[in-house]
Amino acid sequence: MKPNTPKSTSSSSAFNLFQKGSWGWKTALVYDIFMMALIVINLFCLSANAILMSDFGHWLFDFIRLPEALQYYKSDLRPWVIITEGWFTTFLIGELLVRWLIAICLGQHARWWFFPFVHWYEILAIIPQLRFLRLLRAVAIGYNLHNHGYKVIPANWYRRGNFYYNLIMEELSSRIVLTVLDGIKQELTTSTTHRQLIDELVEHHRQLFATALADILQESLGKELQAQRTMLAKNVGQVVNQAIEDTPELTRLLRLIPIVGSRMEQQIQNIGQRLGENITQGLIEPFTHSDNQKDNPTFAMIAEKVSQIQIAHNPHIDKLVESAVFETLEAIREQVKIKQWQQLLEENEQNQRSTYQ
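Residues numbered from 1 in each chain as written. Predicted model: local features only at pLDDT ≥ 70, side-chain atom pairs only at ≥ 80, totals over all residues. Heavy atoms only, no water.

1. Considering the overall build of the chain
Cut-off, in case you're wondering: We count a stretch as a helix when DSSP gives it H or I for four or more residues in a row; a strand needs E for two or more, and each element gets its number in order from the N terminus. Each residue's exposure class comes from its accessible area (1.4 Å probe, protein chains only) as a fraction of the maximum for that residue type: buried when under 20%, exposed when over 50%, partly exposed otherwise. The contact criterion used is simple: two residues touch if any of their non-hydrogen atoms lie within 4.5 Å. In short, Shrake-Rupley with a 1.4 Å probe defines the accessible areas, and a residue's cover is counted only from the protein chains shown.
Of the regular secondary structure elements, the chain holds 15 helices and zero strands. Out of the 357 residues in the chain, the part that is buried amounts to 25%. For the chain, the share of sequence-separated contacts (at least 6 apart) that also reach a separation of at least 24 residues comes to 66%. A total of about 25600 Å² of accessible surface is found on the chain, and carbon and sulfur atoms cover 65% of it.

Dropping the structure here:
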């Protein structure tokens, strides 16, 4: 337990240091605002420089007849842009190293080398060709400030940005899921080993099948037998009684006995009817009896025996499982194809129309 003590102490101190309202939290907040302003200014200068140095910039200043203004920018202002970009890139490298060191000291990540992977866009933004990724850090800072209650991003912008972010993520994830589902379906259709996969799937779920079958029998057959046991016993008794009446040999034999023959015939019929009712009640009893603690043992035994039946290479079982798998894949595919963002957009449009009306 002792080796974990420094890490937990470090995590606790980091939490207290950056808890909302503390001096550390306020310092981090001011620094985030400062960095966001620097990044926005830097990106604005780089974008303006790219436009002014492009063919479009030359054409535009020639068109407005101010080529000397463009020349002044090239000779006097552009060197400062290049110098400040170099200094700013150096500052970003140093700032990342300092933040990495602080993250290690405060134990902000599970491993000390996680920092570059968590802040990958900041690492890549140092590369000249990928400087546009600095905008991601500005957006991340703005989002963090927005979550803390500082509305640096207009509410309308935030809603639109969040909507288009969810749109892009949903479209990407939908395409990935649909591709995977189509690949699975294609593999099951063309592969020669999918029969083995189906057999393994059935084999793996034998116990679950037995449990489910026992529950179904107990919930359906058991309750129905319990509800109809009196009527079933009465019907079987009547069948036995009728069978005795329909036995002419017994009737003729009893009628040969004077005085008591008819009485004996009636008693035998009553005994047969009661015997049929009791036998029926005894046969139904194991299927309707179960205590509150466990399932009916009779149904459990039947389900266990059914689940142990060898169903490998059974064409009907294979077709059943294959159909269930394909229909499940198709149902998932249809659900993934539903565009949640489109439904949300339609709902917003309906709300706006109802508001105007």
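2. Topic: helix α8 (residues 155-190)
Spelled out, the test is: Given the number of residues in a helix, its expected span is that number minus one, multiplied by 1.5 Å.
In this model, α8 (36 residues) spans 52 Å end to end at C-alpha, consistent with the 52 Å of a helix rising 1.5 Å per residue. Buried within α8 we find Phe163, Leu167, Glu170, Ser174, Leu178, Leu181 and Leu188.

3. Some thoughts on the side chain of His119
We apply this condition: Two N or O atoms form a polar contact when they lie within 3.5 Å of each other; inside protein one atom must be a possible hydrogen donor and the other a possible acceptor, and for residues adjacent in sequence the pair counts only when both atoms belong to side chains.
Mapped onto the fold, His119 is located in the loop between α5 (115-118) and α6 (120-124). A distance of 3.1 Å separates a polar atom in the side chain of His119 from a polar atom in the side chain of Glu122. Contact partners of His119, with chain neighbours within four places excluded, come to Arg99 and His109.

4. Details of the packing of aromatic side chains
The condition that has to hold: Any Phe, Tyr or Trp ring, taking Trp's six-membered ring, that has another such ring centre within 6.5 Å forms a pair; planes under 30 degrees apart are called stacked, those over 60 apart edge-to-face, and the others tilted.
One pass over the full model with this rule turns up eight aromatic pairs. When the centroid spacing of 5.3 Å and the interplanar angle of 15° are considered together, the rings of Trp59 and Phe63 count as stacked. A residue pair is termed a helical-turn pair when its members lie 3 or 4 positions apart in one helix, as Trp59 and Phe63 do in helix α3 (residues 55-63) at four residues. With 6.1 Å between their ring centres and 15° between their planes, Trp100 and Phe115 make a pair best called stacked. With Trp100 in helix α4 (residues 67-106) and Phe115 in helix α5, this pair connects stretches of sequence that are 15 residues apart. Exposure remark for Phe115: the relative accessible area of 3% places this residue in the buried category. Three or more aromatic residues joined by ring pairs make a cluster, and in this case those are Phe56, Trp59 and Phe63.

5. Here's the deal with a nonpolar patch on the surface
What counts is decided by this rule: For patches, a residue must show more than 30% relative accessible area and have no salt bridge; joins then use 9 Å for like charges and 5 Å for nonpolar side chains, namely Val, Leu, Ile, Met, Phe, Trp and Tyr. Any carboxyl oxygen of Asp or Glu within 4 Å of a side-chain nitrogen of Lys or Arg constitutes a salt bridge here.
A contiguous nonpolar surface patch, about 640 Å² in accessible area, is contributed by Ile51, Phe56, Trp59, Phe63, Ile64 and Leu66. Top element by residues in the nonpolar patch is α3. It accounts for three residues. Tracing the chain through its elements places Ile51 in helix α2 (residues 23-52). With a relative accessible area of 46%, Ile51 lands in the partly exposed category.

6. So, the side chain of Arg99
Within the secondary structure, Arg99 sits in helix α4. Sequence-distant contacts of Arg99, that is, excluding residues within four places in its chain, are made with Phe115, His119, Glu122 and Arg137.

7. Description of unusual backbone geometry
For Arg65, which is not glycine, the phi torsion reads 60° and is therefore positive. On the basis of relative accessible area, Arg65 is assigned to the exposed category, the value being 70%.

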